[in-house]
Amino acid sequence: MSDYRFITYTLLDEGRVVRIMLDRPDVRNAQNRQMLVELNEAFLRAEADDEVRVVIFGGTGPMFSSGHDLGTPLRVEEREPGPNQHITHRTNGGTRVGAEHRMLQEWHYFFENTRRWRNLRKITIAEVHGNVYAAALMLMWSCDLIVAAEGTRFADVVGARLGMCGVEYFAHPWEFGLRKTKELMLTGDSIEAEEAYRLGMISKLWPREELAANTEEFAKRIAKTPTMAALLIKESVNQTQDNMGFYNALNACFSLHQLNHSHWAEVHDDKVARAHESDGVPNWKNAGPVRPAVRDRVIADVEPA
């Protein structure tokens, strides 16, 4: 289980803390299928290890994650029939057709795994930096606590650029708030780490060069909490959120996500299940940088670097 290709797994604090890092920096930690499989194995490995109390989850390179891998050569090899096709494309709905194929594949590898990590029997801390966009939000939101580097930006651009009603694990209203979610989804704009802190989405905000060391100290502090108390604190908050409708809302929004895919697949001759430029969205490959959401303008007049 230590022979990972796209993540790293490092024990700290005499085994009480583990650091799991996405490690595909050349493509900004885009989430290919093998990465997600390895990530699930690593989370379950930490969960099974009775010495581990806290999991830090971050990414190497210029950003935490750029979201789903939409088409690198490696991802194409994983997806298409051939000697390098990933086994998960022949199981869990991989051999089914139509909407059933996509629904089962996304349920297993984008949705239910994220919910599983949210309920991990250990305390988890997401350590994020750079741009945290679209499916990167899902991974971050699965964690109990989030810490960020100064200058980190958060956005879900799939509405404005792909014609989709958000990503598969739709925690947005619970994290951004109701009206902020609508604004960010309808425009594709981003919010800065300072605003995310004010919203309560992130717990700590540090300079980039201090992020790793401070996160580890934060994790070590939390690791001193008795394990039973830590687990029941987490479970009490998660159950409260679920009783407020979180669990059912996630299920409902995943179904709407699949309906959105099916709509585009039905109206397009090429059956591609996302919006095209002809549908009124920019080409996602060259749509330009994401603009910040600003209070006093319809659209920010200065684009981020």
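Residues numbered from 1 in each chain as written. Predicted model: local features only at pLDDT ≥ 70, side-chain atom pairs only at ≥ 80, totals over all residues. Heavy atoms only, no water.

Visitor: Explain the layout of surface pockets to me, please; I cannot follow it from the model alone.
Guide: Unfilled space is identified by rolling a water-sized probe across the atoms. There is about 590 Å³ of room inside the second largest pocket. If you go around the second largest pocket, you meet 25 residues; those closest to its centre are Cys 143, Asp 144, Leu 145, Val 237 and Asn 238. Those elements that place two or more of their residues in the lining of the second largest pocket are β6 (145–149), α6 (172–176) and α10 (227–243). When residues of the lining of the second largest pocket are assigned to their parent elements, the largest contribution, six residues, is made by α10. Each residue belonging to the lining of the second largest pocket can be placed in one class, and the counts come to 15 nonpolar, six polar and four charged. (1 Å grid on protein atoms, 1.4 Å probe; cavity = no way out; pocket = protein on both sides within 12 Å on 5 of 7 lines; lining within 4 Å. Points joined across faces, edges and corners; volume = space filled by probe spheres on them. Helix = DSSP H or I, 4+ residues; strand = E, 2+ residues; numbered from the N terminus. Nonpolar A, V, L, I, M, F, W, Y, C, P; charged D, E, K, R; others polar.)

Visitor: What is the right way to read the nonpolar core from this model?
Guide: In a soluble, globular protein the nonpolar side chains are often hidden away together inside. Counting residues in hydrophobic clusters, the biggest one holds 58 residues, and the most contacted among them are Ile 20, Met 140 and Phe 154. In terms of residue count, the dominant contributor to this core is helix α4 (residues 135–141) (seven residues). In this structure, Val 54, Ile 56, Val 147 and Phe 218 belong to the second largest nonpolar core, which totals 15 residues. (Core = buried A, V, L, I, M, F, W, Y, C linked by side-chain atoms within 4.5 Å. Buried < 20%, exposed > 50% of the residue type's maximum accessible area, 1.4 Å probe, protein only.)

Visitor: Would you mind going over the confidence of the model for the protein with me for this structure?
Guide: Interpretation of this model should avoid reading the predicted coordinates in detail wherever pLDDT is low. With 98% of its residues at a pLDDT of 70 or more, the protein has an overall mean of 96. Taken element by element, the predicted model of the protein shows its lowest mean pLDDT in helix α2 (residues 73–79) (96) and its highest in strand β4 (residues 123–128) (99). (pLDDT = per-residue confidence, 0-100.)

Visitor: Help me understand the packing of aromatic side chains in this model?
Guide: Taken as a whole and assessed by the stated rule, the structure comprises nine aromatic pairs. With a centroid separation of 5.3 Å and an interplanar angle of 75 degrees, the aromatic rings of Phe 57 and Phe 64 are classed as edge-to-face. Taken individually, Phe 57 and Phe 64 each receive the classification buried, so the pair is uniform in this respect. Taking 5.3 Å as the distance between ring centres and 85 degrees as the angle between the ring planes, the aromatic pair formed by Trp 174 and Phe 246 counts as edge-to-face. (Phe/Tyr/Trp six-rings, centres within 6.5 Å; stacked < 30°, edge-to-face > 60°.)

Visitor: Can you walk me through the pattern of salt bridges in this structure?
Guide: Side-chain pairs of opposite charge can arise whenever the charged atoms involved come near each other. Evaluation of the coordinates by the stated rule reveals 17 salt bridges. In this structure, the salt-bridge partner of Arg 19 is Glu 127, at a minimum N-O distance of 2.9 Å. Taken together, the residues span a long stretch of sequence, with Arg 19 in strand β2 (residues 17–22) and Glu 127 in strand β4 at a distance of 108 residues. Among the residues examined, Glu 127 registers a relative accessible area of 4% and is labelled buried. Two residues, Glu 235 and Arg 121, come together in a salt bridge whose shortest N-O distance is 3.0 Å. Of this pair, Glu 235 sits in helix α10 while Arg 121 sits in the loop between α3 (98–118) and β4, placing them 114 residues apart in sequence. The exposure class assigned to Arg 121 is partly exposed, which follows from its relative accessible area of 33%. Each of Asp 13, Glu 14 and Arg 16 takes part in a single network of salt bridges with overlapping partners. (Salt bridge = Lys/Arg side-chain N within 4 Å of Asp/Glu carboxyl O.)

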